[in-house]
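# Geometric and topological summary
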Amino acid sequence: MTGFVRSGALGVAFAVLDDGSGDCDPNDEVLVAAPSWRDAARLIRARGYRNLPRRPGRLRPSPDAVALALGTPGVVYRRTWAAGEEWRSVGSAP
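The text that follows walks through the structure, step by step, so that each part is easy to find. (Residues numbered from 1 in each chain as written. Predicted model: local features only at pLDDT ≥ 70, side-chain atom pairs only at ≥ 80, totals over all residues. Heavy atoms only, no water.)

Looking only at helices and strands, the protein features two helices and five strands. Taken from N to C terminus, the helices and strands of the protein fall in the order β-β-β-α-α-β-β. A total of 94 residues make up the protein; the buried ones form 44% of that total. Sequence separation of 24 or more characterises 55% of the internal contacts of the protein that already satisfy a separation of 6 or more. Just so you have it, the protein exposes about 5300 Å², and 49% of that area is on carbon and sulfur atoms. (Helix = DSSP H or I, 4+ residues; strand = E, 2+ residues; numbered from the N terminus. Buried < 20%, exposed > 50% of the residue type's maximum accessible area, 1.4 Å probe, protein only. Contact = heavy atoms within 4.5 Å. Areas by Shrake-Rupley, 256 points an atom, 1.4 Å probe, with all protein chains shown as cover.)

This part covers the nonpolar core. Side chains of nonpolar character tend, in soluble globular proteins, to be buried together. By size, the foremost hydrophobic cluster in this structure holds 15 residues, and its most contacted members are Ala 13, Leu 17, Val 30, Val 32, Trp 37, Ile 44 and Leu 52. For this core, the elements supplying multiple residues, two or more each, are strand E2 (10-17), strand E3 (28-34) and helix H1 (37-46). Looking at which element gives the most residues to this core, the answer is H1, with five residues. Leave out the neighbours within four places in its chain, and Val 30 touches Ala 13, Phe 14, Ala 15, Leu 17, Ile 44, Tyr 49, Val 76, Tyr 77, Arg 78 and Trp 87. Listed in part, the eleven residues of the second largest apolar core include Val 12, Ala 65, Ala 69 and Val 75. (Core = buried A, V, L, I, M, F, W, Y, C linked by side-chain atoms within 4.5 Å.)

Mapped onto the secondary structure, Glu 85 falls in the loop between strand E4 (76-80) and strand E5 (88-91). Sequence-distant contacts of Glu 85, that is, excluding residues within four places in its chain, are made with Arg 79 and Thr 80. One polar contact links the side chain of Glu 85 to the main-chain amide nitrogen of Thr 80, over a distance of 2.8 Å. In this structure the side chain of Glu 85 is engaged in a polar contact, spanning 2.9 Å, whose partner is the side chain of Arg 88. (Polar contact = N/O pair within 3.5 Å; in protein donor to acceptor, adjacent residues only side chain to side chain.)

Okay, the pattern of salt bridges next. Per the stated rule, a full pass over the model turns up three salt bridges. For Asp 28, the salt bridge is made with Arg 78, and the minimal N-O distance between the two is 2.9 Å. In this pair, Asp 28 is assigned in strand E3 and Arg 78 in strand E4, connecting sequence segments 50 residues apart. Between Arg 88 and Glu 85 there is a salt bridge, and its shortest N-O distance comes to 2.9 Å. (Salt bridge = Lys/Arg side-chain N within 4 Å of Asp/Glu carboxyl O.)

Once that is clear, we can look at the packing of aromatic side chains. By the definition in use, this model includes two aromatic pairs. Summarising the aromatic geometry, the rings of Phe 4 and Trp 37 are spaced 6.3 Å apart at their centres and angled 90° between planes, so their arrangement reads as edge-to-face. In this pair, Phe 4 sits in strand E1 (residues 2-7) while Trp 37 sits in helix H1, placing the two residues 33 residues apart along the sequence. Since its relative accessible area comes to 8%, Trp 37 is described here as buried. Each ring, one from Phe 14 and one from Trp 87, has its centre 6.3 Å from the other, and the planes form 75°; the classification is edge-to-face. Within this pair, whereas Phe 14 is found in strand E2, its partner Trp 87 is found in the loop between E4 and E5, the two being separated by 73 residues in sequence. Neither residue differs from the other here; Phe 14 and Trp 87 are each classed as buried. (Phe/Tyr/Trp six-rings, centres within 6.5 Å; stacked < 30°, edge-to-face > 60°.)

Read these as spatial facts, not as claims about activity.
Here is the structure:
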C-alpha cells in the first residue's frame, strides 16, 4: 500500500511496509517528502525498508502527515500501522 501526493516542487511518499529485518514492527507506516517517488523510495530504502514498488499506488496520507513531511524534506518518518501513535523520525538525508 503506497501513495504519493504532490505539493509544489515536492511530493510526499507514503507506504505501509515491512523491512524484513525483524528490527521494526511487522507493518510500519513510512512517510517522506522528496522531489519524486524515485527519490523518496531511495530515502526509504536507505533506512532499511525493501520491496518498495517502482510506482506509487493511490493511498493518501492524512493532511497532518503531509504537513509534517513537507516541513522537513528528506526526513523519513515511521509509526506502527493503524496504531494511532505519533510519527517518529527514522533519519534525514545523507
